[in-house]
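Overview (structure and organization)
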Amino acid sequence: MLKTDSPNVIRSFNMGLAVSTLLIFLTGLVTLYSASRGPGLQSLAKLQGIYFIAGCIITLMIVFIDSDFWRKLAYPTYVVCLGLLTLVLLVGHVGNGSQRWISLGFFKLQPSEFAKIAIVLALAKYFSEDKAGAPYTLKRLLGPALMIIPYFILIKRQPDMGTAGIVFLTAASMIMFIGVEWKSIFLVLVVALISLPLAYKYVLHDYQRNRVRTFLDPSSDPRATGYNALQCRIAVGSGKFLGKGYMEGTQAQLNFIPEQHTDFIFSVFAEERGFLGALVLLGFYASYLVYSFRTVLRARDKFEMLVAFGLNAVMFWHIFINIGMVIGVLPIVGVTLPLFSYGGSSMMMFMICTALLLNISRKKYIF
Amino acid sequence: MIGREEEVRDYRSRIQLFQLPVVLGFLVLIFRLFYLQVIKGEELRRFSEANRLKKEKVIAARGKIYDRNGKVIIDNRAAFDVVLVSQYYSYEDKDNERLANALRITPKEFGKRLAKVNRGPSYAPGLLKADVSKDLIASIETSKVGFPGVDIENNVQRRYPFGEVGAQLLGYVSEVEKKDIAANPVLQLGDYIGRTGLERLYDNDLRGLDGVGYVEVDARGRRRKAEGSDKIFGYFSQTDPSPGNSLYLTIDMDLSQKANESMRSHSFNGTVIAMDPRTGEILALVNQPSYDPGKISGREVDPDVWSQLQRNPEKPLRNRAVQDIYMPGSTFKAIVGIAALAEGVAKSSRGMDCHGFLKTGSHKLNCWKTHGWTDFTKALRESCNVYFANLGTELGVDRIAKYARMFGFGERTGVLAKGEQKGLIPDSDWKLKALKEEWQPGETLSVAIGQGFVTVTPIQLVNAYATIANGGTRYRPYLVRRVEKLNGELVTEVKPEVQSKLDLPENVWKAVKEGLFEVANRPGGTAIVSGHSKKTIISGKTGTAQVRGFSDISKVKNCMALPVRDRHHGWFVGYAPKDEPEIAVVALAEHSCHGASAAPIVRDVIEAYVDKQNLEKGILPQDEKKEVPKVKKGHQLPFEEMDE
């Protein structure tokens, strides 16, 4: 049953994942072109293309690097990322009211994007080397918790609730996946339920509380906090079944949608392409997840399996939270739509994600 | 390298399990999208259309006001206001400073205005500075990118080329307030309505109907540049505004200017009204002191200017011609004279001796001089108190009142709706009701010479003399001849309206007119100098209205020695020419002491009228020196009568 290391790279390639990635990217690029017709935005589609090509080169490099390399690099990556997250708070570039970027001159690096991969790698390494194995009790989860908490706190300080949430949800997904004692799950749920109102009051920033409030009642302040949520909903809904047509979305073209090239780009797409287009795009994402889930099944060992599962979780939570907030099933948090939203760091991060998944699925044929 | 498949195998089934939340998540998204785009799609589409097209008011120009010769009295001009939508403004110190500089106001003043804008809704444009100059607009426009939320609004403002002339008659406009909208729901915020004068009275005609335009805007409410041919100026399917109607007045602005000038040159406060006794048309109506309505009709009124107008003790906003009442003084003698002749208690040929005073019971009435033998004509010419007091006693107060009312005293003329006074014509019933006292015969002496309880408005007085001038036809004084739409279509036309006809014997009119003629044209007449004209023959009557009742006769005699506010008002009311009069004029010169002070103003107006008529007929005005009729040496030049 063992195969020799095949020289045929094409055959061993997870074609479905790559094609899904390309389809999502191209749809996003076309939408970005329409969304960035405003003053000072015209070059965004071109830049996004450059990011994608750079991402492709990195992908090719990663695909052929053995996963042992990542296994060894997992903890150093974690530490480097921790350093960058600290640095960003000290010398970071401030934009849109938060401190998220480190300026590299030609490129503004957003360390929190890469933190998502770093935490996946670190947790995968931790769990794969823990000989005692599942199910975990709360006490035995202390180690992973000590890895997650600094990330969570540093990212939340920027403040970037969306990314902090993604980090938390990804880590939680991985822990659930690895297996936790039922008693512990129950205990955590009870504590969470009790502490939620307290967290709302003491942990969240004012603007975050407003977002939660306007999520629950968007008409409470249609001109200020609820404005973005309401305008997005109008944009999406006004697309109706077939959409208003490419570049015909008045909500987007008349600048009613905030951040329409980044976090809210789905509303531009849904306005132009309607319900049908939205279904097709969700189909692309579903296809991506179907192929990436296969990677989890194809994993050669626990580390690879956990990495693949963690990256799947990052992908899923991004899709769900981004579209969910745009269409009003979730409060507004700053989370990008994978491979679709404009942004170098985000694009790079998802390309690396995809590359790692491609890498892991390729190994199947090395046996 | 060999994989450790046994590590992974146990997790295969878990992986299937973890697909479930993903499927659920996608289903949630799909259901929500279906709800928004398919079920609510139509509604949200309409919402987005409304979002894109902002409804905008297209201001209807307020109607213009023309004088009787088609001269523009009030029209409109474009004005530009700087506004701020506060939710987009940065509130940074450097922006505040730059914007204050661009607006040319002090940072402190800017702070005040910003605070005021902030009191309004954050999405609605609030006024930063109204009616800015063109180069200020240019400097704002060029740096607008740096001032988010700042915009220029187009506006229409009233223009008053004649400034203060007739301001109280024409009135001013101002932006509506909440209470105006409550009173008249047709109004919208930002509309202008007339507050006083004709602007107020004819507001419904002048205001017009605003149109509705749809303008393509972005989320900041900024108008987008038009792209297609269907988007001229960015507007969609606009309903045109219908401009207000024009008013064509009976007023002659040349004459009004002359009247205003004359008032000013004599530096008296008061009022001048000129009317056509053949129709009731008001030819001029001016007051002093006055104000420039342009200064208080804009979107932004300087509070200092406003409070100064409000608080000024000389009351420049007041239309004295209709809103104030005065004792008519000796001008009332003509009415008493008519009553006496008509009732047969006097014959123009019959005379009496004036000893300089008259005593009735406890009342003692002084004449301003000892006239000696006095007949009807002389009594009017030289304004003999004793003569008319005697007639009054014979008539009794109720008969005087009856005739006074026949001339329109004691009731509103209805010429301007707001605040017109009725004045008072006392009789015995009135005194019983109002003061719960019997009428004293002595009080009739005061009434007969226009003092005491009698009060009139200047408009009533000129109308009464116009009635004398035309021989007994009392017209309703009016100001607006025609209301026309912008395209010339007639809306309303006002014709002369006869209010009453005084059917009195011809000899009554003849006797009174003779007396009034002699006042300014025969030696001894009280206005022989001040009211005499070489250009036409002016008939009229002087009068003095006491501001305060003095028991000390020396104070009455030596009026000029009194503080200004206690000095008597001077009247002159008259008409010209002598036969078939064309113009009747009243002048009230407040605190001028003598009727002779008011007479030159009336003469100026009448002569201006004559000059204009002659000019139209091709006769050039002769600017010769006014010659005083030769007076016999030793004859006392009438100073002016002093009543009481």
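Residues numbered from 1 in each chain as written. Chains lettered and ligands numbered in written order. Predicted model: local features only at pLDDT ≥ 70, side-chain atom pairs only at ≥ 80, totals over all residues. Heavy atoms only, no water.

1. Points about the overall build of chain A
Regarding its fold elements, chain A presents 14 helices and 3 strands. Counting over 367 residues, chain A shows a buried share of 57%. Restricting to contacts in chain A with at least 6 residues of sequence separation, those with at least 24 account for 74%. (Helix = DSSP H or I, 4+ residues; strand = E, 2+ residues; numbered from the N terminus. Buried < 20%, exposed > 50% of the residue type's maximum accessible area, 1.4 Å probe, protein only. Contact = heavy atoms within 4.5 Å.)

2. A word on the sheet that holds strand β11 (residues 270–275) of chain B
Sheets are built from strands that pair by backbone hydrogen bonding, the pairs being arranged parallel or antiparallel. Residues and elements named next belong to chain B. Pairing in this open sheet of 5 strands is antiparallel, and the strands run β12-β11-β23-β22-β21 from one edge to the other. If you trace the sheet from one side to the other, it starts and ends with β12 (282–288) and β21 (539–545), each paired once. Recorded for the sheet is a direction-independent mean angle of 5 degrees between the axes of neighbouring strands. Against the sheet, helix α11 (residues 253–265) touches β11, β12 and β23 (583–589), its axis set at about 30 degrees to β12. (Pairing = 2+ DSSP bridges. Axes fitted to C-alpha atoms, helices over the stretch in contact; angles between N-to-C directions.)

3. Considering the side chain of A:Ser346
Tracing the backbone shows A:Ser346 in helix α14 (residues 344–363). The contacts of A:Ser346, once residues within four sequence positions are left out, are A:Glu113 and A:Thr336.

4. Focus: the packing of aromatic side chains
Overall, the coordinates contain 30 aromatic pairs over all chains when judged by the stated rule. When the ring of B:Tyr172 is compared with that of B:Trp306, the centres are 5.8 Å apart and the planes differ by 65 degrees; the resulting orientation is edge-to-face. You can see B:Tyr172 sitting in the loop between α7 (167–170) and β6 (173–175) and its partner B:Trp306 sitting in helix α12 (residues 303–311), a full 134 residues away along the chain. Centroid distance B:Trp439 to B:Phe453: 6.0 Å. Interplanar angle 55 degrees. Geometry classified as tilted. Pair noted here: B:Trp439 is in the loop between α18 (428–435) and α19 (441–448) and B:Phe453 is in the loop between α19 and α20 (458–469), with a separation of 14 residues, a long-range link. In this structure B:Phe453 comes out as partly exposed when scored by relative accessible area, which is 27%. Here the aromatic cluster, defined as three or more aromatic residues joined through ring pairs, consists of A:Phe177, A:Phe309, B:Tyr11 and B:Phe18. (Phe/Tyr/Trp six-rings, centres within 6.5 Å; stacked < 30°, edge-to-face > 60°.)

5. Brief notes about a nonpolar patch on the surface
A cluster of nonpolar side chains, namely A:Phe241, A:Leu242, A:Leu276, B:Phe34, B:Tyr35, B:Val38 and B:Ile39, defines an oily patch on the protein surface of about 640 Å² accessible area. In terms of residue count, the dominant contributor to the nonpolar patch is helix α2 (residues 12–39) of chain B (4 residues). With respect to the helices and strands, B:Ile39 occurs in helix α2. The exposed category is assigned to B:Ile39, whose relative accessible area is 54%. (Patch = residues over 30% accessible without salt bridge, like charges linked within 9 Å, V, L, I, M, F, W, Y side chains within 5 Å. Areas by Shrake-Rupley, 256 points an atom, 1.4 Å probe, with all protein chains shown as cover. Salt bridge = Lys/Arg side-chain N within 4 Å of Asp/Glu carboxyl O.)

6. A word on the nonpolar core
In a soluble, globular protein the nonpolar side chains are often hidden away together inside. B:Phe332, B:Phe409 and B:Ile468 are the most contacted members of the largest nonpolar core, which totals 119 residues. The greatest single-element share of this core, amounting to 9 residues, is contributed by helix α23 (residues 595–617) of chain B. Lining this core are residues from two domains, each supplying at least three of them: domain 1 (55–78 + 152–244) and domain 2 (256–291 + 321–617) of chain B. Core analysis: the next-biggest nonpolar cluster, separate from the first, contains 115 residues, A:Met147, A:Ile148, A:Ala270 and A:Tyr285 among them. (Core = buried A, V, L, I, M, F, W, Y, C linked by side-chain atoms within 4.5 Å. Domains from an automatic or database assignment.)

7. Observations regarding helix α7 (residues 161–178) of chain A
Residue and element names in this part refer to chain A. Between its terminal C-alpha atoms α7 stretches 25 Å, which fits the 26 Å expected from 18 residues at 1.5 Å a residue. Buried within α7 we find Gly-162, Thr-163, Ala-164, Ile-166, Val-167, Thr-170, Ala-171, Ser-173, Met-174, Ile-175, Phe-177 and Ile-178. Downstream of α7 by one or two residues, Gly-179 has phi in the positive range, about 110 degrees. (Expected span 1.5 Å × (residues − 1).)

8. Topic: the confidence of the model for chain B
All names here are of chain B. Per-residue pLDDT for chain B averages 83, and the proportion of residues at 70 or more is 87%. Confidence over residues 226–235 falls short of pLDDT 50; this stretch has 17 contacts with residues more than four positions distant or in other chains. In the model, residues 630–644 has pLDDT below 50 throughout and makes 54 contacts with residues more than four positions away in sequence or in other chains. Reported for the predicted complex are a pTM of 0.61 and an ipTM of 0.91. (pLDDT = per-residue confidence, 0-100.)

9. Thoughts on unusual backbone geometry
A negative phi angle is the norm for most residues apart from glycine, just as the trans form is the norm for most peptide bonds. All names here are of chain B. Omega for the peptide link from Gln-288 to Pro-289 comes to -5 degrees, which places this bond in the cis form. Locating Pro-289 in the fold gives a position in the loop between β12 and α12. In this structure, the amide linkage connecting Ala-576 to the following residue, Pro-577, adopts the cis form with an omega of -15 degrees. With respect to the element layout, Pro-577 can be found in the loop between β22 (569–576) and β23. A positive phi angle is found at Ser-267, which is not glycine, with a value near 40 degrees. Mapped onto the elements of the fold, Ser-267 is located in the loop between α11 and β11. Notably, Lys-315 is not glycine yet its phi reads approximately 50 degrees, a positive angle.

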